[in-house]
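Understanding the architecture of this molecule
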Amino acid sequence: MLNKKTLEDLQVRGQRVLVRCDFNVPMDEERNITDDRRITSSLPTIQYLIDNGAKVVLMSHLGRPKGKPNSELSLEPVANRLSQLLDREVTFAKDDRVVSEDVEKIISSMKPGDVVLLENTRFRKEEQENADEFAEELASLGDLYINDAFGTSHRAHASNVGISNQLPSAIGYLIQKEINVMGKALENPERPFVAILGGAKVSDKIGVIENLLDKVDTILIGGGMAYTFLRAQGHEVGTSILEEDKLDLARGLLESAEKKGVKFLLPVDITIAKEFKNDTDFKVVAIDEIPKDMMGMDSGTETIKIFSKEIEDAGTVVWNGPMGVFEMENFKKGTEAIAKAMAESKAVSIVGGGDSASAVEKAGYGEKMTHISTGGGASLEFLEGKSLPGIAAIDDR
Ligand code: AMP
């Protein structure tokens, strides 16, 4: 399916292997890592390299330091967590310049099986500019390059695209898994194939809907984006979030679904509130009973039942975007119900990254899913059928 070199295609023993990971993990105010899934997801690649006698040099970005050193966005806590997880010392090459003579010295003294983590690559403004000089500096620290940062593969930066032009390259196990699971769903899914899309806006999901209309049997729409479709069908949506300028487009997508024989389900009832806040009166009403002065905040009970039944009967389910304002306690039911239905379904269950992934983890269903993507934006672009530059740049087989 994927014609890219993988870890096993390279002779890594004794070599300095640069690995681009996605260690962009959430931290609290004391800089404790609050969710280490992105770190644990990268362990298979790192462990393989250790076991095969490579000198492992890891790099990643963290947050948005905007091209300047920022001690609050240092990767040091990640090095500590990695040390615990790998049960071996991970040397943190603490240097705001990311690459320097000091860092070179650390790397030249490495032995096979040693692991070093470089400082946040976005401390250098050349990173996001994909500048050749920075890619060359990074490349000077290694003999081989592995990209395992799925979450940044939709971006072309020096540490993922620039560097792959400098060194023999391959993808790591995480990218391989992401592409294999999502690729199979798109190319040869167990049917019925059901896609669930939510989140704030239709405009962010147009490409995904268009691409999926040729592949899925059913599309379930929830969250803020549902109101533009409901309005396009002539329903009153009160003060709900609405993209007036996307009404024609929504009508076009509904027509296209009908022509292609895709079942396109919108909410039949809604949890509404007067104000956009948690502490306010709310109630469930049928879709044609939304008063002019109230807004939709979550799926209704009937909608949850209908959507859950579609998921129960599915062969493959792909989900991206919350079904309501799930950050607010009173309006997280619809989103949690989807997570529960997917966890209980026998279907191949794939959760796009971002909000849906954190909702699944928070509700405790993480282990029950076939795959939770580590990249929100990247998985969305993959589902849109776009080529991801970080993967396209890797050597072909
Ligand atoms: P996105 O970033 O497009 O995936 O959208 C996620 C955001 O959509 C979350 O912050 C939700 O709170 C928000 N959202 C979901 N449903 C609604 C709704 N009915 N009204 C307003 N915002 C919503």
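Cut-offs applied
- Residues numbered from 1 in each chain as written.
- Predicted model: local features only at pLDDT ≥ 70, side-chain atom pairs only at ≥ 80, totals over all residues.
- Heavy atoms only, no water.
- Pairing = 2+ DSSP bridges.
- Helix = DSSP H or I, 4+ residues; strand = E, 2+ residues; numbered from the N terminus.
- Axes fitted to C-alpha atoms, helices over the stretch in contact; angles between N-to-C directions.
- Contact = heavy atoms within 4.5 Å.
- Near = heavy atom within 4 Å.
- Polar contact = N/O pair within 3.5 Å; in protein donor to acceptor, adjacent residues only side chain to side chain.
- Areas by Shrake-Rupley, 256 points an atom, 1.4 Å probe, with all protein chains shown as cover.
- Nonpolar A, V, L, I, M, F, W, Y, C, P; charged D, E, K, R; others polar.
- Domains from an automatic or database assignment.
- Buried area = accessible area lost by both parts, 1.4 Å probe.
- Salt bridge = Lys/Arg side-chain N within 4 Å of Asp/Glu carboxyl O.
- Buried < 20%, exposed > 50% of the residue type's maximum accessible area, 1.4 Å probe, protein only.
- Parallel < 35°, antiparallel > 145°, perpendicular 65-115°, else oblique.
- Left-handed = near helix turned anticlockwise from the far one by under 90°.

1. Considerations on the sheet that holds strand β10 (residues 269-273)
Overall, antiparallel pairing links the three strands, which are arranged β11-β10-β12 in an open sheet. Two strands lie at the open edges of the sheet, namely β11 (282-286) and β12 (295-299), each paired on one side alone. The average angle at which neighbouring strand axes cross in this sheet is 45 degrees, direction not considered. Pairing between β10 and β12: four bridges, direction antiparallel. Within the sheet, the bridge partner assigned to Ile 270 lies in β12 and is Ser 299.

2. Considerations on the side chain of Asp 95
By the element assignment, Asp 95 lies in the loop between β3 (90-93) and α3 (101-108). In this view, Asp 95 contacts Ser 100, Asp 102, Val 103 and Glu 119; residues no more than four positions away in its chain are not counted.

3. Brief notes about the site of the ligand
The immediate surroundings of the ligand are formed by 16 residues, with Ala 200, Gly 224, Gly 296, Glu 327 and Asp 355 found nearest. One of the backbone N or O atoms of Ala 200 is found 2.9 Å from an oxygen atom in the ligand. Within the backbone of Gly 296, a nitrogen or oxygen atom sits 3.1 Å from a nitrogen atom of the ligand. When the free accessible area of the ligand is taken as 500 Å², the share hidden by the protein chains comes to 79%. Its residues placed into classes, the shell around the ligand shows seven nonpolar, five polar and four charged.

4. Quick notes on unusual backbone geometry
Between Arg 191 and Pro 192 the backbone carries a cis peptide bond, its omega angle lying at 0 degrees. Mapped onto the elements, Pro 192 comes out in the loop between α7 (173-187) and β7 (193-197). One non-glycine residue, Val 98, lies in positive phi territory at about 70 degrees. Inspection of the secondary structure assignment puts Val 98 in the loop between β3 and α3.

5. What about the sheet that holds β3?
Read from one edge of the open sheet, six strands run β3-β4-β2-β1-β5-β6, paired in parallel fashion. Edge strands, defined here as strands with exactly one partner in the open sheet, are β3 and β6 (169-171). Each strand axis lies, on average, 25 degrees off the axis of its neighbour in the sheet, ignoring direction. Sheet topology note: the strand β5 (residues 144-147)/β6 ladder contains three bridges and is parallel. Along β6, the bridge assignment pairs Tyr 145 with Ser 169.

6. Side note on the domain arrangement of the protein chain
With domains assigned, the protein chain is organised as domain 1 (7-174) and domain 2 (181-383). In this structure, domain 1 and domain 2 have C-alpha centres spaced 35 Å apart. The partner domain 2 presents eleven residues to the nine residues of domain 1 that form the contact. Three residues, Arg 37, Phe 150 and His 154, lead the burial of domain 1 against domain 2; their summed loss comes to 70% of the area buried on that side. Taken together, the connections running from domain 1 to domain 2 amount to one salt bridge. Between Glu 361 and Arg 37 there is a salt bridge whose closest N-O contact spans 3.0 Å. Across the contact surface, domain 1 and domain 2 share four residue pairs in polar contact (both at pLDDT 80 or more). Take the side of domain 1 that touches domain 2: its biggest share by element is three residues, from helix α1 (residues 37-51). Of the residues assigned to the side of domain 1 that touches domain 2, the class counts are two nonpolar, four polar and three charged.

7. Digging into the pattern of salt bridges
Between side chains of opposite charge, a pair can form as their charged atoms come close. Applying the stated criterion to the full structure yields 26 salt bridges. Its salt-bridge partner being Lys 332, residue Glu 336 comes within 3.5 Å of it at the nearest N-O pair. Classification of Glu 336 as partly exposed rests on a relative accessible area of 32%. Classification of Lys 332 as partly exposed rests on a relative accessible area of 23%. In the salt-bridge network here, residues are joined through shared partners; they are Arg 124, Glu 126 and Glu 137.

8. A look at the packing of helix α11 (residues 301-312) against helix α12 (residues 333-344)
When two helices pack together, their arrangement is given by the angle between the helix axes and by the axis-to-axis distance. Interaxial distance between α11 and α12 falls to 9 Å at its minimum, and their mutual angle equals 20 degrees. Considering their axes alone, α11 and α12 lie roughly parallel with respect to each other. Handedness of the crossing formed by α11 with α12: right-handed. Here Ile 304, Phe 307, Ser 308 and Ile 311 of α11 lie close against α12, whose contacting residues are Lys 333, Gly 334, Ala 337, Ile 338, Ala 341 and Met 342. Of the residues in the contact of α11 with α12, the class split is seven nonpolar, two polar and one charged.

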